[in-house]
Amino acid sequence: MDKNSKELMDDPFLLASWIAKSMAGELSDEELQLLDEWRMASGRNRRLYDRIVSREGWESKQKHFTAFDKVSGWQGYSKKLKKTEKKAIRWRVFLRYAAVLLIPLGAAVYGVLHSGEETVSLADLNAITPGGTRAELVLPSGEVVDLVEKSGVISRGENTVINNEGKTLSYKSTGNQAPMDSLRYNEVIVPKGGEYQLVLSDGTLVYLNSMTKVRFPERFSEKCREVEVCGEAFFEVTKNKDVPFIVKTGAYEITVLGTKFNVTAYADEHMITTTLVEGAVSISGKCIGEARTLRPNEQLVLDQTSGGVEVRKVDVNYYTAWKDGMFRFRDVRLEEIMRVVERLSCTRMRVSRICISVLT
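Per chain, the residues get numbers from 1 upward, laid out in the order the sequence is written. In keeping with the model being predicted, local features are shown solely for residues with a pLDDT of at least 70 and side-chain atom pairs are shown and tallied solely at 80 or more, while totals for entire chains, interfaces and linings include all residues. Note that the side-chain values use all heavy atoms of the structure and ignore hydrogens as well as water.

A.B. asks: Which residues make up the overall build of the protein, and what values go with them?
C.D. replies: Only DSSP runs of H or I covering at least 4 residues are called helices, and only runs of E covering at least 2 are called strands; the numbering of each starts at the N terminus. Each helix and strand counted, the protein has 11 helices and 21 strands in total. Note on classification: 1.4 Å probe, protein chains only; a residue is buried when its accessible area is under 20% of the maximum for its type, exposed when over 50%, partly exposed between these limits. The burial tally for the protein puts 46% of its 360 residues in the buried class. Contacts: residue pairs with any heavy atoms within 4.5 Å of one another. A separation of at least 24 residues holds for 55% of the contacts in the protein among residues at least 6 apart in sequence. Surface accessibility follows the Shrake-Rupley procedure with a 1.4 Å probe radius. Residue values consider only the protein chains on display as shielding. Total accessible area computed for the protein in this model is approximately 18000 Å², and 47% of it derives from carbon and sulfur atoms.

Set out below in structure tokens:
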């Protein structure tokens, strides 16, 4: 097996996306050549490929896949399918919705390539559950606390009580706000495939997505409330007109008084986005130029490669569904979908519900 085929073996979600694109006739010549090399490398690869692209095989599994998506995207496909009589047209329409199959397809390919088994039933994916509740807390002393193993009161200091229950880590201030020169910073780190919730000392609720790190003081000061985020987080900020709430990313700062918004700022992605659900936020930084103010249902997108900044109207549900255990995509390239899946995947991928709306 050559190097390129070996890379496909090591990246089942890339392989899954290429197979789906080949079914839809959207594969480039280079990708087609690499996929053919992988397919011809072994009899098992050929059997896996043939089983996946079998029209009869996919059509027999339609009822199973509807369990993953019962909303508009899949309903649109079902209605169109009923109105279409010719088999060839029906298959072409079906492939327009092939993206909805990528997540279970990727998991199935992963299972075949890494289990040593010749067959993996996609029906087994019915048992897939929401993302795992996993995170670590790093205390000022450097001590690392596994939040899965440690529950109840983690620390009871002079002015702060840190408590971990279920999937939520909470901070309760028992004294006055801390002086600026005595802030004690904690970090919560969510690993690949994990998720967690955090209640800060002012009552602000933060949802943390997979592969996310947030740094924050145990108690906020009387002058500002400031946290740092790398990854993806959804904030429900407690209002305090006298003390602004500031979220720092690697590229810019977000200043709010009280609002709900989502931040996506992964270190390995060149796009950084802030999506506003309620209230108002001001975004500033050297790479932004003049400060930008967002209104509800607006999103700021910073392309760190080109330096471009865009503010656009969006359906915020597509950017915040992850906190409710859902995936929602619309007009998104297959590669971007697979990056999300890979970030959330672990030994056994965990998924709740999938909703992909595709323009017809």
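A.B. asks: Describe the pairing of strand β13 (residues 253-256), naming the residues involved and giving the relevant values.
C.D. replies: Here β13 shows one buried face, formed by Ile254 and Val256, and one open face, formed by Glu253 and Thr255. By this definition, two strands are paired if DSSP reports at least two bridges between them. Counting the residues in the hairpin turn of strand β12 (residues 245-248) and β13 gives four residues. Direction of pairing for β13 relative to strand β16 (residues 281-285): antiparallel, over a ladder of four bridges. The residue of β16 that forms the bridge with Thr255 is Ser282.

A.B. asks: How would you sum up helix α3 (residues 29-40)? Please name residues and give values.
C.D. replies: Under the convention used throughout, the expected extent of a helix is 1.5 Å for every residue step, that is, one less than its residue count. Counted at 1.5 Å a residue, the expected span for α3 with its 12 residues is 16 Å, and the 16 Å between its end C-alpha atoms agrees. Those residues of α3 lying buried are Glu31, Leu34, Leu35 and Trp38. Summarising the axial view, the buried residues of α3 lie within an arc of 100°, below the 170-degree limit, and thus occupy one face. Arc definition: directions from the helix axis to the C-beta atoms.

A.B. asks: Now, about the environment of Lys150: what can you tell me, with residues and values included?
C.D. replies: Position of Lys150 among the secondary structure elements: in the loop between β3 (144-146) and β4 (152-156). What Lys150 contacts, discounting residues up to four positions off in sequence, is Val145 and Asn164.

A.B. asks: Can you lay out unusual backbone geometry for me, pointing to particular residues and giving the numbers?
C.D. replies: Excluding glycine, a negative phi dihedral is what most residues carry, and trans is how most peptide bonds are arranged. If you check the backbone angles, Met211 has positive phi at about 55° while not being a glycine. If you trace the backbone, Met211 turns up in the loop between β9 (205-208) and β10 (212-217). Exposure remark for Met211: the relative accessible area of 37% places this residue in the partly exposed category. Backbone geometry places Asn297, a non-glycine residue, at a positive phi of 70°.

Note that all results are geometric; they support no functional claim without further evidence.
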